[in-house]
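Observations on the three-dimensional arrangement
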Amino acid sequence: MIPLSWYLVVAFVMIGLGAYGMVTKRNLIRILIGAEIMGNGVNIALVAFSLYNPVFSFTGQGLIILVISVTAAHTALALVLMLMYQTRYSTVDLGEPVTVEARKSD
Amino acid sequence: MLMQEFEALFEEVEFVVIAVVVLLLAYLALEHREIVYSVFFFGFMAASVAGFYLLLEAPFIAGMQIAVYTGGISALIIFGVLLLPRAQGSSLEVLQTPRMRRIGMILSATVMTLSAVLALVFPWSQSFPADRPPIAQDLAGLAAWLWGEHGIYVQLVALMMLTAVIGSVAILKMEKTEKLSPLKDRPGLGSRGKENEGASETKAHDEEHQDAKEAGTQ
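I will try to describe carefully the structure that is included in this document. Here, residues in each chain are numbered from 1, in the same order as that chain's written sequence. A letter from A marks each chain and a number from 1 marks each ligand, given out in the order of writing. Only residues with pLDDT of at least 70 get local features here, since the model is predicted, and only at 80 or more are side-chain atom pairs given and counted; chain-wide, interface and lining totals rely on the full set of residues. The basis for every side-chain value is the complete set of non-hydrogen atoms in the structure, without hydrogens or water.

Examining the overall build of chain A
Looking only at helices and strands, chain A has four helices and zero strands in total. Secondary structure of chain A in N-to-C order comes out as α-α-α-α. Type-normalised accessible area, obtained with a 1.4 Å probe on protein chains alone, sets the label of each residue: buried when under 20%, exposed when over 50%, and partly exposed for intermediate values. Each of the 106 residues in chain A was classed as buried or not, and the buried ones make up 59%. The contact criterion used throughout is that any non-hydrogen atoms of two residues lie within 4.5 Å. Here the contacts in chain A between residues at least 6 apart in sequence split such that 58% fall between residues at least 24 apart. Working definition of accessibility: Shrake-Rupley area with a 1.4 Å probe, residue cover restricted to the visible protein chains. In the structure as shown, chain A presents an accessible area of about 3,800 Å², 68% of it carried by carbon and sulfur atoms. Helix numbers and strand numbers start at the N terminus; a helix is a DSSP run of H or I with at least 4 residues, a strand a run of E with at least 2.

This is the structure we're talking about:
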């Protein structure tokens, strides 16, 4: 049987990868993908904990259903916000509007 | 006995293969230069994560993962890429400063190290016994649990979906309203506004006319 720590290592490496993507990327879509990867890591950890719990209940799986639905909803909302961002700043580069503002102030 | 050992070994090999594929695809989704390929890699990664759920004996979650992530969220992000043509610019992939990259590397390395310590050093085996109860793959049980006494979960999901849809539409409407001409030019309010404006204009004109008449008589 696979030990719980194996699942946790994979989940935490995914969370780290997602954090790396969210911090270093300028493209809004890549930042969203980073957030999704982090969410997947969290889901794996939750399901693993739920299954390895000695007192079995479906709480973990019910929670995952909730989390996956929230992820779908926040992705839709994030895409709408990205559309607004592009309409307002004519770019999806997260760094550029700051630069434009800085130029304006200069 | 030998068969059980073989099964355990096979399960571990499956886990390692799925883990390597998932992590490789996640890295490619973040680092590939073409954003469209990145989204496809993300979709494949989400489908591979379903393999973990199958190993963890949660087939419903595996199906939901493939349906929602691979079928829904990946398609949604592809639509996003199509609607945001500027997202495909390769200039976005070049970081302005290597400092940001270094910070990102340090942050993610810290997260991974702390997490690995938590996963490997913390005595999970004492918290959770190695032999788990034989529950697995009880779809009927999950359905009874979800739709029976925990129906609030389903209602919460429905409410959140509804809120997200209404929120998205409302935000886009707000954006369109901002772009339209000011409020007084809108048909409903505008006509009344124009009437009032017209009335005040004629009133002012009459007053001027009267003033001029008075000046003339004087």
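Side note on the packing of aromatic side chains
Stacked, tilted and edge-to-face pairs are distinguished by plane angle, under 30 degrees for stacked and over 60 for edge-to-face with tilted covering the rest, among Phe, Tyr and Trp rings (Trp via its six-membered ring) whose centres lie within 6.5 Å. Enumeration over the complete set of coordinates arrives at seven aromatic pairs over all chains. Note on Tyr 7 of chain A and Phe 52 of chain B: the rings are 6.2 Å apart at their centroids and 70° apart in plane angle, and the pair reads as edge-to-face. Taken together, the residues span two chains, with Tyr 7 of chain A in helix H1 (residues 4-24) and Phe 52 of chain B in helix H2 (residues 35-55). Tyr 7 of chain A gets classed as buried once you look at its relative accessible area, which sits at 1%. When its relative accessible area of 0% is taken as the criterion, Phe 52 of chain B is described as buried. Within the aromatic cluster, the residues linked to one another by ring pairs are Trp 6, Tyr 7 and Tyr 52 of chain A together with Phe 15 and Phe 52 of chain B.

A word on the environment of Met 45 of chain B
Mapped onto the secondary structure, Met 45 of chain B falls in helix H2. The class of Met 45 of chain B is buried, set by a relative accessible area of 0%. The spatial distance from the C-alpha of Met 45 of chain B to the C-alpha of Ala 29 of chain B is 8.4 Å, given a sequence separation of 16 residues. Discounting residues that sit within four places of it in the chain, Met 45 of chain B has contacts with Met 14, Ile 37 and Asn 40 of chain A together with Val 22, Leu 25 and Ala 26 of chain B.

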